[in-house]
Amino acid sequence: MTTTLPKAPAGDAGPPPSGPSRARRALALARNTWRGLTSMRTALILLFLLAVAALPGAVLPQRTPSPNAVEDYLAQHPTLGPVLDDLGFFDVFATPWFSAVYLLLFISLIGCLVPRSIEHARSLRVEPVAVPRNLARLPHHAQSTSDDDPDAVVEAARRRLRGWRTVVRSEPGGVRTISAEKGSLREVGNLVFHLSLIALLGGIAIGKILGYEGQVIVMADGSEFCNSGIYAYDSFRPGLQVDGTGLDPFCLTVDGFRATFRPDGQPDSFDAAIRFQDGEAVQSGADAWVPHDLAVNDPLRVDGERVYLLGHGYAPRFTVTFPDGQQRVGLVQWRPVDQGTLLSEGATKIDPPGVTDEAQRRRSQLAITGLFAPTSSGGGLVTSVFPALNNPEVAVDVLRGDLGLDSGRAQSIFSVDQGMVDQGRLVRVARENIKPGGEITLDDGTRIRFDGVENWVSLQVSHDPGQTAVLITAIALLGGLTLSLTVRRRRFWVRAAPALPPTTGGRTVVTLGGLARTDRAGYGEEFGRLAAELGARGEAGPDPAMPDPAVPEESVPPEATQEPSVDAGGEEREDPDGR
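Please read these numbers as outputs of a predicted model, since none were measured by experiment.

Colleague: How should the state of the cysteines be read in this particular structure?
Modeller: Disulfide: a covalent bond connecting the sulfur atoms of a pair of cysteines. Under the defined criterion, the tally for this structure stands at one disulfide. The partner cysteine of cysteine 226 in its disulfide is cysteine 251, sulfur to sulfur 2.0 Å. Its S-S torsion of about 110° marks the bond between cysteine 226 and cysteine 251 as right-handed, since a negative value means left-handed. Residue cysteine 226 is found in strand 5 (residues 223-226), and its partner cysteine 251 is found in strand 7 (residues 251-261); the two are separated by 25 residues along the sequence. For the pair formed by cysteine 226 and cysteine 251, the shared burial category is buried.

Laid out in structure tokens, this is it:
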């Protein structure tokens, strides 16, 4: 009995084939993304992007070393400046986009180099490739005869190739061969260079995470600075894991400052005479101060910290004598507005003494503002013509009224609150040019005397736990780069075969061949020397790219004549078989 299955309705082709599951598609996407990220092409692109991203840090002022320069740039470019500030161009190395490129490059290099390192380690254990059957097809070849037997020829060649990776083999008919390779350090140097680059990035990252930088201005009149907390600094930039507590508590005192200038006004040397105590002396309370001369580019190293001398400036000293005979001394640093002549501007703010009524006190506050010239040009308009204290003079405006110090709003120490001036709550009561010893008498009998000038120094304290690693990896990076650029990979083969027919007296035919695996420049001379020392004469071989019609193509192993493959980034790779 035959059973007939029902036919499917016309036009019904059955259920469509099921596609890959979501998990497989996600896995394929992740795999392809990882392969693309860890390719040498991507690493080169990211390295280029990192260099481009760092350009604003070299062209524009940065807040970390020079916050005042950033403020000046914003004041000079009121339209472009805020846009660049919003994009982070004044703090490039702390922006998310720079960190993203940095992190992607880090991952890409690791993913690219780990497989290459494993592959190269395996290739070092593989014996050199066997001798090609037709050495005459190689770019460099030579042939000669010898009265020694093949064993003696091979032994002599092996002694001459000391320092090469060699392997001796036997072939049918009493033929002895040597396969030799040299230049594996090229790939080692290449890997060391890239691994050192990763370690260098890691050391920089450690410094950004666990390090900090702080700037402070200290008067060079015996004033003291202690690294006791953030409040001791004028500006402080902590690392990502630094909260400002637990700083190494060293102290230093600036006893004096000396600057010398060339006749054209360019600085010749800056030197600050300081004394310091390390953390152990501070914690023990011992009065053990160590003298030290602090110079530019010659930091003080104490307790893992580095103290740099960044610059210097001047602080005019004013003595204000009030009508009741009480005195106040104002000594505040003024900011250089011309680095060539150190023409400086600033504001020395003074509260009246003995005034208990808050309203009266705010109406009686004084501000001495203006310009200070270390070497005055003279005349009614004061300017500076030289940065040294040859002819100091100060042009001041004396303002009286409410300085806005109690308003709760932050204001610069180098200027007064312009809003108070615009509201008429701060009024100018005197304007005059004064030299040291000169005085101004105000309408209420208050006298302001210009006593002289003190030097101040700008110091930067830096803590970078990754600096030693950065130094070591930078040296290793240069060493690896030197190896990868100077070492050439090359191969050398020797075949010693008994001469035929035997009537020739048992002489041995010696055939040599050479191949440069990276480039052929310079290998011809080395091959010629080896051939001459082994008693062979060189012959001009055919172009390896052109087949020899007299010799079958399969007579030469592909791995012998094949140049090493190069990936998209221009880096050499080993042969697929690890040779």
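From this point, the narrative continues.
Colleague: Explain the packing of aromatic side chains here, please?
Modeller: Each aromatic ring pair is summarised here by two numbers: the centre-to-centre distance and the angle between the ring planes. By the definition in use, this model includes 15 aromatic pairs. Where phenylalanine 93 meets phenylalanine 98, the ring centres are 5.2 Å apart and the plane angle is 90°; that geometry is what we call edge-to-face. When the ring of phenylalanine 257 is compared with that of phenylalanine 270, the centres are 5.8 Å apart and the planes differ by 50°; the resulting orientation is tilted. Of the two residues, phenylalanine 257 sits in strand 7 while phenylalanine 270 sits in strand 8 (residues 267-277), which places them 13 residues apart along the sequence. A relative accessible area of 13% means that phenylalanine 257 is categorised as buried. Residue phenylalanine 270 is classed as buried on the basis of its relative accessible area, which comes to 18%.

Colleague: How do you make sense of the side chain of threonine 511 when you look at a structure like this?
Modeller: Its location among the elements puts threonine 511 in strand 21 (residues 508-516). Setting aside anything within four residues of it in sequence, one finds threonine 511 in contact with Leu135, Ala142, Gln143, Trp493, Val494 and Arg495.

Colleague: I keep staring at a nonpolar patch on the surface and nothing clicks. Help me out?
Modeller: Judged by side-chain polarity, Ile45, Phe48, Leu49, Val52 and Leu55 come together as a nonpolar surface patch covering roughly 470 Å² of accessible area. As for its placement among the helices and strands, phenylalanine 48 is situated in helix 2 (residues 40-59). We classify phenylalanine 48 as exposed; its relative accessible area is 56%.

Parameters and conventions
- Residues numbered from 1 in each chain as written.
- Predicted model: local features only at pLDDT ≥ 70, side-chain atom pairs only at ≥ 80, totals over all residues.
- Heavy atoms only, no water.
- Disulfide = S-S within 2.5 Å.
- Helix = DSSP H or I, 4+ residues; strand = E, 2+ residues; numbered from the N terminus.
- Buried < 20%, exposed > 50% of the residue type's maximum accessible area, 1.4 Å probe, protein only.
- Phe/Tyr/Trp six-rings, centres within 6.5 Å; stacked < 30°, edge-to-face > 60°.
- Contact = heavy atoms within 4.5 Å.
- Patch = residues over 30% accessible without salt bridge, like charges linked within 9 Å, V, L, I, M, F, W, Y side chains within 5 Å.
- Areas by Shrake-Rupley, 256 points an atom, 1.4 Å probe, with all protein chains shown as cover.
- Salt bridge = Lys/Arg side-chain N within 4 Å of Asp/Glu carboxyl O.

These results come straight from atomic positions and should not be treated as a statement about function.
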